[in-house]
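Commentary on secondary and tertiary structure
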Amino acid sequence: MPSSNSRFQRLSQAVLSRSQFLQLAAGALLPFAGLPPSAAAAKNPELAQNGGAPRTEDAAASARMGAILVSQFGPVKIHSYLSPLDGFHVNTQMIEGPTAVVIFDGQLLLTYADEVASYVRTLGKPVDRIILSHAHTDHWSGLQVLTERFPDARVFALDGIADQLRARGQARLDSFRPIYGDRIATKVTVPTETITQGVQRIDGITYDFKRFVDAESDLQLAALLPEQKVLMAFDLVFSPNEHAFTVVDHFDHWMIILERLKVLQGYDTITIGHDTPVHRSAIDSTITYIKRAKEIHAASADAKTYSESLKAAFPDRQLASMVDFSAKLLYAARR
């Protein structure tokens, strides 16, 4: 039986390695990221390694701002679109089966969602459905574009996600508008279908959908692909190269969930909500981060103190500016 690393073949549609892509992105977006290119490109052994397979190309690759990584597991391909830094390094996962594509998450910025849609078109297969992992704006704003480009694709989410978007979605868009203007959605795209927990077959691919509460978000989807031994963890697990989003104080329960994920046997490849796929050891590094964040939160009276202390505790992680963003939301909840 082939090893996990040999089965996991990462290919860049832009003919860029991960480090090359991050160097370009960091150089172009240095004021936003607050990081030198060398820091943005730092490698970590906990990242899933490139299998060295030949690269593939498409007509739009040279103009694409994001990067495409492709993992092939026999007849199944997982295409991961990674946005540049100003899009929070959000991933959109596209699962390509024999006859159709399933899209998970829709990006923050419309431009990047449009790149996702254009790439999906190159696969030459219809979109069976679009699935939203959770209700944070950076994962659903771009659904506006995806539903326009794929009008026959239904949008699925866990029960309760649609209610969250109806209640708070427009306010969240309004809060981003001064920063991003017309680069974010002009309307809230609410899922119309409910995805249930348990095993489902979609286009011949087995998914085992899981529902989690009180972690990085109040309500979070995860999915196992048992035949491919892939865990789609979304924002439950973060790259050891990047700061996690700690916008709510669910530290204890988040760590409990991560311990539950650790007992899953054989799932050595994990796709996540931000940054490239990681090895299962990233679960441990996320626990370490969340534990320290909890301690700092307990000792910090305000958002500034929390943010500065957390960045000092993990000085080599990217997206330091997002710690400031997270801290503001985390401490706003105390009021």
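Reference entry: report on the structure contained in this document. (Residues numbered from 1 in each chain as written. Predicted model: local features only at pLDDT ≥ 70, side-chain atom pairs only at ≥ 80, totals over all residues. Heavy atoms only, no water.)

**Comments concerning the overall build of the protein**
Applied cut-off: A run of H or I in DSSP counts as a helix once it spans at least four residues, and a run of E counts as a strand once it spans at least two, with each numbered from the N terminus. Burial here depends on accessible area, computed with a 1.4 Å probe over protein chains only, as a share of the maximum for the residue type. Under 20% is buried, over 50% is exposed, and the range in between is partly exposed. In what follows, a contact means two residues having at least one pair of non-hydrogen atoms within 4.5 Å. Note on areas: Shrake-Rupley, 1.4 Å probe, and residue coverage restricted to the protein chains presented here.
If you tally the helices and strands in the protein, you get 12 helices and 13 strands. Burial analysis of the protein (335 residues in total) assigns 58% to the buried set. For the protein, restricting intrachain contacts to residue pairs at least 6 apart in sequence, the fraction spanning at least 24 positions comes to 69%. Approximately 13,300 Å² of the protein is accessible, and the part contributed by carbon and sulfur atoms is 53%.

**What to know about the pattern of salt bridges**
What counts, and what does not: A pair is scored as a salt bridge if a Lys or Arg side-chain nitrogen falls within 4 Å of a carboxyl oxygen belonging to Asp or Glu.
A full pass over the atoms with the stated rule returns 12 salt bridges. A salt bridge links Arg183 to Asp86; the nearest nitrogen and oxygen atoms lie 2.8 Å apart. A residue pair is termed long-range when its members are at least 10 positions apart, and Arg183 in the loop between helix H8 (161-180) and strand S7 (193-194) and Asp86 in the loop between strand S2 (76-82) and strand S3 (91-96) qualify at 97 residues. For Asp86, a relative accessible area of 8% puts it in the buried group. Linking Lys125 and Glu96 is a salt bridge whose minimum nitrogen-to-oxygen distance equals 3.0 Å. Taken together, the residues span a long stretch of sequence, with Lys125 in the loop between helix H5 (110-122) and strand S5 (127-131) and Glu96 in strand S3 at a distance of 29 residues. Salt bridges sharing common partners tie together Glu259, Lys262 and Asp284.

**Some details on the pairing of strand S6 (residues 154-157)**
Basically, it comes down to this: One bridge is not enough; two strands pair if DSSP finds at least two bridges between them. Here is how to tell: hold the view so the strands point away, follow the path from the first strand over the helix to the second, and if it runs clockwise the crossover is right-handed.
In terms of strand pairing, S5 meets S6 through three bridges, oriented parallel. The residue of S6 that forms the bridge with Arg129 is Arg154. In this region the chain leaves S6, passes through H8 and returns to the parallel neighbour S7; the handedness of that crossover is right-handed.

**Topic: the sheet that holds strand S13 (residues 278-279)**
Reading across the sheet, the six strands line up as S8-S9-S10-S11-S12-S13 and stay open at both edges, with mixed pairing between neighbours. In this open sheet, the two strands that pair with only one neighbour each are strand S8 (198-202) and S13. In terms of strand pairing, strand S10 (residues 219-225) meets strand S11 (residues 230-234) through three bridges, oriented antiparallel. From the neighbouring strand, Leu225 faces S11, where its bridge partner is Val230.

**Points about the pairing of S2**
Judged by how many residues are buried, S2 sits mostly within the fold: six of seven residues are covered. Of the strand pairs in this sheet, strand S1 (residues 67-73) and S2 are connected by seven bridges, and their pairing is antiparallel. For Ala67, the partnering residue across the bridge sits in S2 and is Leu82. In textbook terms, the turn of a hairpin is the stretch between consecutive antiparallel strands, and for S1 and S2 this stretch comprises two residues, one of which, Gly74, has a positive phi near 60°. Here S2 runs beside S3; their pairing, made up of six bridges, is antiparallel. Paired with His79 across the strands is Met94, a residue of S3.

**A few points about the sheet that holds S7**
The seven strands are arranged S1-S2-S3-S4-S5-S6-S7 in an open sheet whose pairing can be described as mixed. Of all strands in the sheet, those with a lone pairing partner are S1 and S7, marking the two edges.

**What to know about the environment of Pro126**
Tracing the sequence through the fold places Pro126 in the loop between H5 and S5. For Pro126, a relative accessible area of 52% corresponds to the exposed category. Apart from residues lying up to four places away in sequence, Pro126 is in contact with Thr99, Ala100 and Val101.

**Structural notes on the packing of helix H11 (residues 303-313) against helix H12 (residues 320-332)**
Convention followed: Orientation is described by axes fitted as lines to C-alpha atoms, over the contacting stretch for helices, and by angles from 0 to 180 degrees between their N-to-C directions. Crossings are sorted by hand: turned counterclockwise from the far helix by less than a right angle, the near helix makes the crossing left-handed, and turned clockwise it makes it right-handed. Residues are grouped as follows: nonpolar covers Ala, Val, Leu, Ile, Met, Phe, Trp, Tyr, Cys and Pro; charged covers Asp, Glu, Lys and Arg; every other residue, Gly included, is treated as polar.
It is the contact of H11 with H12, at a shortest axis distance of 9 Å, that shows an interaxial angle of 145°. Read as a crossing pair, H11 and H12 show a hand that is right-handed. Contact residues: H11 offers Ala303, Tyr306, Ser307, Leu310 and Lys311, while H12 offers Ala320, Val323, Asp324, Ala327, Lys328, Leu330 and Tyr331. Here the contact of H11 with H12 is built from residues that sort into eight nonpolar, one polar and three charged.

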